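# Remarks on the overall topology
Here is how the chains run, residue by residue.
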Amino acid sequence: MSARVLSGMRPTGALHLGHYHGALKNWVRLQSQYECFYFVADWHALTTHYESPEVIERNVFDMVIDWIAAGLDPERSTIFVQSRLPEHAELFTLLAMGTPLGWLERVPTYKDQIEKLKDKDLATYGFLGYPLLQAADILIYKAAYVPVGEDQSSHVELTREVARRFNHLYGRSPALEAQTAEAVAKLSKDDARYFEKQRKAFGETGSTEALAKGEGLVRKAASQVSGWTAADSELLLGHLRGSGKTILTEPQALHTEVTKLPGLDGAKMSKSYGNAIAMREDPAVVQDKVRRMPTDPQRVRRTDAGDPERCPVWQFHQVYSDKPTQEWAASGCKSAGIGCLECKQPVIDAILKEQAPWRERAQPYLNNRQRVHEIVQEGTERARVVARETMGDVRAAMGLSY
Ligand code: TRP
Ligand code: SF4
């Protein structure tokens, strides 16, 4: 099985072109290379929208329709909703016990967001814990890669630290010591003595030769000892290195190059700024919105020459137009050879062309919302199998599997 990718989005309602080009397009691409888990982070949405939870339910399923419209294939990707998996909350609680407060207070998004979202009271326990909940989301699926924007790097970094700390604290519990002793007992007396000798040597002198010999013995046991399991190998390798068992896997952020599409006014595209085009926006509205887009403020009359660098339409050309069209627009702008409405037409056409398959793929689900619920249900059950397994390991490591 290929490595697992995991990512989530908060259900902010209908997604727009910025979401598609900045994230979703990449999610679709990753499906062909990895085992992908994508989920709706509805609890994360509550950290900022705890006063208006009623908008979340509709947004959850609208967002899943947008994902499918963009090309996420529910047969290939596991699509689910965070709140249907209380295991995330359990892991969050257990991780919270040993996570220093300072780690959370120092996450840069914490103070930034409190500053930015001044109209909301974010001096809450839940908001401080946001990145730790995100760590639980990631660690519970032992994800190798997490595709996220640069703004989320610090959350993935925190996740890695939390995993390391957990493994350090609980990778050597009494239960694991007993399991390790059982694995050692499966070896012959000579092999057990040999293994102990290499482990001691590596521990005391850091001899890489001893480490290699110990590893060699584990490999030999794996192929020769009857009743030997992969878990036995993992236990002994952890014992040998003195690192404890790796219970939680450190993930890596995946910052694949994404296309930056600004909003209609050149600022970041966001529904709350009123400068967005929804993925499934009505074609007439798309046309109207682009036609009303501001252009180079210094190009007042049709006869004034303009500068594309001062114009947000030009940034759209860079995402949507081929080279010849870009050259036509840039030179026509600088020579006043074309008018702004003329310049915008290829952009309108390209957006409508991009949106057509989205609309088509979404329609069956808009006609039958029940089907969306079923997809989420199926994805949730698939995710639950993995989440339960990790929680079994976590509880055992912490001595909570009574
Ligand atoms: N914090 C992410 C965002 O705002 C959403 C998110 C929640 C997430 N849990 C996650 C992303 C786990 C990746 C992995 O975009
Ligand atoms: Fe912008 Fe095009 Fe008008 Fe130039 S011609 S100002 S690039 S819309």
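Computed from a predicted structure; not experimentally measured.

### Considerations on the packing of aromatic side chains
- If you walk through the whole model with that rule in mind, you get 12 aromatic pairs.
- Pairing Trp27 with Tyr38 gives two aromatic rings, centres 4.3 Å apart and planes at 0°, and the pair type is stacked. Placement of Trp27 in helix H1 (residues 17–30) and of Tyr38 in strand E2 (residues 35–40) is noted, with a sequence separation of 11 residues between them.
- Owing to a relative accessible area of 2%, Trp27 belongs among the buried residues under this scheme.
- Looking at Tyr38, the relative accessible area reads 0%, which means it is buried.
- With 6.4 Å between their ring centres and 25° between their planes, Phe316 and Tyr320 make a pair best called stacked. Placement of the pair is Phe316 and Tyr320 together in helix H15 (residues 312–320), with a separation of four residues, close to one helical turn.
- Residue classification places Tyr320 among the buried residues on the basis of a relative accessible area of 13%.
- Grouping aromatic residues by their ring pairs yields a cluster made of Phe37, Phe39, Phe80 and Tyr141.
- When the ring centre of Phe37 is taken as reference, the NZ or CZ atom of Arg4 above it lies at 4.8 Å.

### Some points on the domain arrangement of the protein
- Domain boundaries in the protein define domain 1 (4–169 + 250–260 + 368–397), domain 2 (172–241) and domain 3 (280–367).
- Using only C-alpha atoms to locate each centre, domain 2 and domain 3 end up separated by 64 Å.

### Description of the side chain of Asp304
- Along the chain, the position of Asp304 falls in the loop between helix H14 (283–291) and H15.
- Separated by 2.8 Å, the side chain of Asp304 and the backbone nitrogen of Arg301 make a polar contact.
- Leave out the neighbours within four places in its chain, and Asp304 touches Gln298, Arg299 and Ala336.

Calculation criteria
Residues numbered from 1 in each chain as written. Chains lettered and ligands numbered in written order. Predicted model: local features only at pLDDT ≥ 70, side-chain atom pairs only at ≥ 80, totals over all residues. Heavy atoms only, no water. Phe/Tyr/Trp six-rings, centres within 6.5 Å; stacked < 30°, edge-to-face > 60°. Helix = DSSP H or I, 4+ residues; strand = E, 2+ residues; numbered from the N terminus. Buried < 20%, exposed > 50% of the residue type's maximum accessible area, 1.4 Å probe, protein only. Lys NZ or Arg CZ within 6 Å of the ring centre and 35° of its normal. Domains from an automatic or database assignment. Polar contact = N/O pair within 3.5 Å; in protein donor to acceptor, adjacent residues only side chain to side chain. Contact = heavy atoms within 4.5 Å.

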